[in-house]
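Now for the letters of each chain:
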Amino acid sequence: MNHNHSHDHDHHGHSHDHSHTPTSFGKAFAIGISLNTLFIVAEVIYGLKANSLALVADAGHNLSDVLGLFMAWGATYLAKRQPTHRYTYGLQSSSIVAALANAVMLLFVTGGICWEAIQRFHKPEDVAGTTVMAVAAFGIFVNGFSAWLFMKGSKDDLNIKGAFLHMLGDAAISAGVVVSGFVILQTGWHWLDAAVSIAVSMAIIYGTWGLLRDSMNLTLHAVPAHIDYAEVKDFLTNSQGVKEVHDLHIWAMSTTEVALSAHLLMQGGHPGDHFLKHLSHELQEHFRISHATIQIEMGDAECALAPENVV
């Protein structure tokens, strides 16, 4: 029985878009955190002056976003740490932990805001609509610009996608607050402030649920959503000289890198390093699997795995 670990380092770098490096997103995180911190201060001060729960609620939400950005930033740094004898994969999985923690924290904060809004809905208080509109309009710029900073990386990295979706959602929410402030000025419907707070909370929960689901799946070593397990197995089975594929496992090492391990039954004999290198390259190109560990077996009955271990 031959154990062959096929890590095609010549093509391994293709799994990393250059925008995922700390030097690229470090600036985006710094700007996003600074702008949102400034906006939080403004929302709290003017939200209390204007007696607007919608602004205070959004400030609480933005605070969780800033903490989330800090976690995501730290995770991108940790993911670049070199492997050690204890952490043989490095700390790449920290990006998955950050995405999960970000989603849980956001849902927790939003739940508290929604509860407070429900309480105030029964006893609406006067709200300064003009102040609400002005502060929320500033929020559209802050969050819209912050979302733009993360837009490119959101396509390939769940960690960055979490930051992008939060910023984009915040921009839309701020637009809703502007509209509510205008309506309050025109109609005197002060209950609308609490209603908007509830709507904001529901929108945040809806937008965060996908992030929570995906990050939880990656934490549990589920096959990443963009990979079809059956398609990968068919690809390996149809490779030249392969009679059978078993013990196939596909999991995420981080929010950007995917690993695979598999046993290939090749009764014609070991195919050589060129076959392994080519197979690893194809897995990278077609499925974005950057770490492939392949074990070659040649049908020795004494070394065969028990049926319960065969996938």
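Description of the structure in this document. (Residues numbered from 1 in each chain as written. Predicted model: local features only at pLDDT ≥ 70, side-chain atom pairs only at ≥ 80, totals over all residues. Heavy atoms only, no water.)

Quick look at the overall build of the chain
- The secondary structure content of the chain amounts to nine helices and four strands.
- Helices and strands in the chain line up, N terminus first, as β-α-α-α-α-α-α-α-α-β-β-α-β.
- Within the span of the chain, comprising 311 residues, buried residues form 47% of the whole.
- When the accessible surface of the chain is split by element, carbon and sulfur atoms take 63% of a total near 15500 Å². (Helix = DSSP H or I, 4+ residues; strand = E, 2+ residues; numbered from the N terminus. Buried < 20%, exposed > 50% of the residue type's maximum accessible area, 1.4 Å probe, protein only. Areas by Shrake-Rupley, 256 points an atom, 1.4 Å probe, with all protein chains shown as cover.)

Regarding helix α7 (residues 191-219)
- Helix length check: α7, at 29 residues, gives a terminal C-alpha distance of 41 Å against a target of 42 Å (1.5 Å per residue), a fit within 8%.
- Its maximal kink placed at threonine 208, α7 deviates by approximately 30 degrees.
- Positive phi shows up at histidine 221, right after α7, with a value of about 60 degrees. (Expected span 1.5 Å × (residues − 1). Bend = angle between axes of the 7 residues up to and from the residue.)

With respect to the side chain of serine 215
- Note that serine 215 resides in helix α7.
- Within the local environment of serine 215, its side chain forms a polar contact with the backbone oxygen of leucine 212, the two atoms lying 3.1 Å apart.
- Once you skip the residues sitting within four places of it in the chain, serine 215 turns out to touch Ile96, Ala99, Leu100 and Leu158. (Polar contact = N/O pair within 3.5 Å; in protein donor to acceptor, adjacent residues only side chain to side chain. Contact = heavy atoms within 4.5 Å.)

What to know about a nonpolar patch on the surface
- On the surface, Leu38, Phe138, Phe141, Phe145, Trp148 and Met151 cluster together into a nonpolar patch covering about 620 Å² of accessible area.
- Broken down by element, the nonpolar patch gets its largest block of residues, four residues, from helix α5 (residues 129-150).
- For phenylalanine 141, the position within the fold is in helix α5. (Patch = residues over 30% accessible without salt bridge, like charges linked within 9 Å, V, L, I, M, F, W, Y side chains within 5 Å. Salt bridge = Lys/Arg side-chain N within 4 Å of Asp/Glu carboxyl O.)

Examining the nonpolar core
- By size, the foremost hydrophobic cluster in this structure holds 21 residues, and its most contacted members are Val232, Leu236, Leu260, Leu264 and Ile289.
- The set of elements that each furnish at least two residues to this core consists of α8 (229-237), β2 (244-252), β3 (258-265), α9 (273-287) and β4 (291-297).
- In terms of residue count, α9 provides more of this core than any other element does, five residues in total.
- For valine 232, the contacting residues outside a window of four places in its chain are Ile227, Leu248, Ile250, Leu260, Leu283, Phe287 and Ile289.
- Counting 16 residues, the second largest nonpolar core, distinct from the first, contains Phe39, Leu106, Ile173 and Val196. (Core = buried A, V, L, I, M, F, W, Y, C linked by side-chain atoms within 4.5 Å.)

Description of the packing of α8 against α9
- Closest axis-to-axis distance for the α8/α9 pair is 12 Å, and the angle between their directions is 150 degrees. Overall, the two elements α8 and α9 adopt an arrangement that is roughly antiparallel. Classified by chirality, the crossing of α9 by α8 is right-handed. In this structure, α8 contributes Glu231, Val232, Phe235 and Leu236 to the contact, and α9 contributes Leu279, Glu282, Leu283 and Phe287.
- The class makeup of the residues in the contact of α8 with α9 is six nonpolar, no polar and two charged. (Axes fitted to C-alpha atoms, helices over the stretch in contact; angles between N-to-C directions. Parallel < 35°, antiparallel > 145°, perpendicular 65-115°, else oblique. Left-handed = near helix turned anticlockwise from the far one by under 90°. Nonpolar A, V, L, I, M, F, W, Y, C, P; charged D, E, K, R; others polar.)

Considering α9
- Here α9 spans 21 Å end to end across 15 residues, near enough to the 21 Å set by a 1.5 Å rise per residue.
- All of the buried residues along α9 are Phe275, Leu276, Leu279, Ser280, His281, Glu282, Leu283, Gln284 and Phe287.
- Just past α9, the residue arginine 288 takes up positive phi, approximately 60 degrees.

As for the environment of serine 215
- Owing to a relative accessible area of 0%, serine 215 belongs among the buried residues under this scheme.
- Placed 119 residues apart in sequence, serine 215 and isoleucine 96 show a C-alpha to C-alpha distance of 6.0 Å.

A word on the packing of aromatic side chains
- Under the counting rule described, the total for this entry stands at seven aromatic pairs.
- The interplanar angle of 10 degrees and the centroid separation of 6.0 Å between the aromatic rings of phenylalanine 29 and tryptophan 73 together place this pair among those described as stacked. Placement of the pair is phenylalanine 29 in helix α2 (residues 22-50) and tryptophan 73 in helix α3 (residues 53-78), with a sequence separation of 44 residues.
- Consider the rings of phenylalanine 141 and phenylalanine 145, whose centres lie 6.2 Å apart with planes at 15 degrees: the pair is stacked. With phenylalanine 141 and phenylalanine 145 both in helix α5 and four residues apart, this pair spans about one turn of that helix. (Phe/Tyr/Trp six-rings, centres within 6.5 Å; stacked < 30°, edge-to-face > 60°.)

Considering the pairing of β3
- Counting buried positions along β3 yields eight of eight residues, so the element is predominantly enclosed.
- Strand direction decides the pairing type here: β2 and β3, joined by seven bridges, are antiparallel. By the bridge assignment for β3, alanine 252 is matched with valine 258.
- Here β2 hands over to β3 after five residues, the two strands then running antiparallel side by side.
- Sheet topology note: the β3/β4 ladder contains seven bridges and is parallel. (Pairing = 2+ DSSP bridges.)

Observations regarding unusual backbone geometry
- Even without being glycine, aspartate 247 reaches a positive phi, approximately 50 degrees.
- Judged by relative accessible area, which is 15%, aspartate 247 ranks as buried.
- Although it is not a glycine, arginine 288 sits at a positive phi angle of roughly 60 degrees.
- Along the chain, the position of arginine 288 falls in the loop between α9 and β4.
- The class for arginine 288 is partly exposed, based on a relative accessible area of 40%.

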